[in-house]
Amino acid sequence: MPLEIMIDTKKPGGAMQLSTFEKIDKLEDKLKNYDELSSSTSILNLLKFSKQAFYNGNPKMYSLPNNQEKNFILSYVPNLGSNKKKSILDSFVDSTLSITRVSIQMANIGTNEIEILLDDLKPKVDSIFPAEDFEVHLTGTSVVFLKGTNYLVKNLFWSLALAI
């Protein structure tokens, strides 16, 4: 099931800053520790693959680009931030370049395990993205499923209690 981490930098263009990329890289490193989660997909994949391609496919160059490399890579993305044509970045950032997302697939686990995983993950995410600078939301089908199931079970118990 999909799990999305929406990161709002609270400023236009903030999602394209190197400091934000470094924080997303830290987050993706922490996500690798969870067996229930697949590898993540984010704007960093695009940047890392592009850097590697620039250096003739050298596997050692699959890493976060520095600021100069980032600007060079992004200069080849057509219509960055404009609404005229779709670009590959539209899958990862909003039109103001202030919100980005990290997509992960979650194993089909039970609601209790999802709740435990999210409760464990949220403080780690908050430690990387301080609340005064970022607004982070865990969302996706897995979160909606968890909240819907909890709501349904709670209301079924209330219905049963009222019927009795």
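Let us look at the structure shown here. All residue numbers here refer to positions counted from 1 along the written sequence of the relevant chain. Local features in this predicted model are restricted to residues of pLDDT 70 or higher, and side-chain atom pairs are both shown and tallied only at a pLDDT of 80 or more, whereas totals for entire chains, interfaces and linings draw on every residue. Side-chain descriptors were evaluated using all non-hydrogen atoms of the structure, hydrogens and water having been removed beforehand.

1. Comments concerning the side chain of Ser 42
Using the following cut-off: Counting from the N terminus, the helices are DSSP H or I runs at least four residues long and the strands are E runs at least two residues long. Contact definition: two residues touch when any of their heavy atoms are within 4.5 Å.
One can find Ser 42 in the loop between α1 (18-31) and α2 (43-54). Leave out the neighbours within four places in its chain, and Ser 42 touches Ile 24, Glu 28, Phe 92, Arg 101 and Val 102.

2. Thoughts on the sheet that holds strand β2 (residues 99-105)
Applicable threshold: Two strands qualify as a pair provided that DSSP identifies no fewer than 2 bridges between them. Between the N-to-C directions of two axes lies an angle of 0 to 180 degrees, each axis being a line fitted to C-alpha atoms and, for a helix, fitted only over the stretch in contact.
What the three strands build is an open sheet, ordered β2-β1-β3; its pairing is antiparallel. Single-partner strands in this sheet number two, and they are β2 and β3 (135-139). On average, each strand axis in the sheet is tilted by 15 degrees relative to the strand beside it, whichever way the strands run. Bridging between strand β1 (residues 2-8) and β2 involves seven bridges; their strand directions are antiparallel. Paired with Met 6 across the bridge in β2 is Arg 101.

3. Quick notes on the layout of surface pockets
For clarity, the threshold we go by: Using a grid of 1 Å spacing that covers the protein atoms alone, one calls a set of points a cavity when a 1.4 Å probe fits there but cannot get out, and a pocket when the set is open and has protein on both sides within 12 Å along at least five of seven lines; lining residues are those with an atom within 4 Å of a point. Grid points are joined across faces, edges and corners, and a volume is the space filled by probe spheres set on the points. Just so you know the grouping, Ala, Val, Leu, Ile, Met, Phe, Trp, Tyr, Cys and Pro go in nonpolar, Asp, Glu, Lys and Arg go in charged, and all remaining residues, Gly too, go in polar.
When its volume is computed, the largest pocket comes out at roughly 190 Å³. Lining the largest pocket are 14 residues, and of these Glu 28, Lys 32, Ser 39, Ser 40 and Asn 45 lie nearest its centre. Among the secondary structure elements, those contributing two or more residues to the lining of the largest pocket are α1 and α2. Classifying every residue of the lining of the largest pocket gives five nonpolar, four polar and five charged.

4. Some points on the pattern of salt bridges
Note the threshold: Here, a salt bridge means any Lys or Arg side-chain nitrogen found within 4 Å of an Asp or Glu carboxyl oxygen. Note on exposure labels: buried denotes an accessible area under 20% of the residue type's maximum, exposed denotes more than 50%, and partly exposed covers the range between, all computed with a 1.4 Å probe on protein chains only.
Under the definition given, this model contains six salt bridges. Among the salt bridges present, the one from Glu 69 reaches Lys 51, with a minimum N-O distance of 3.4 Å. With Glu 69 in helix α3 (residues 67-74) and Lys 51 in helix α2, this residue pair connects regions lying 18 residues apart in the sequence. Taking relative accessible area as the criterion, Lys 51 reaches 8% and is therefore assigned buried. Lys 124 serves as the salt-bridge partner of Asp 120, at 3.5 Å between the closest nitrogen and oxygen.

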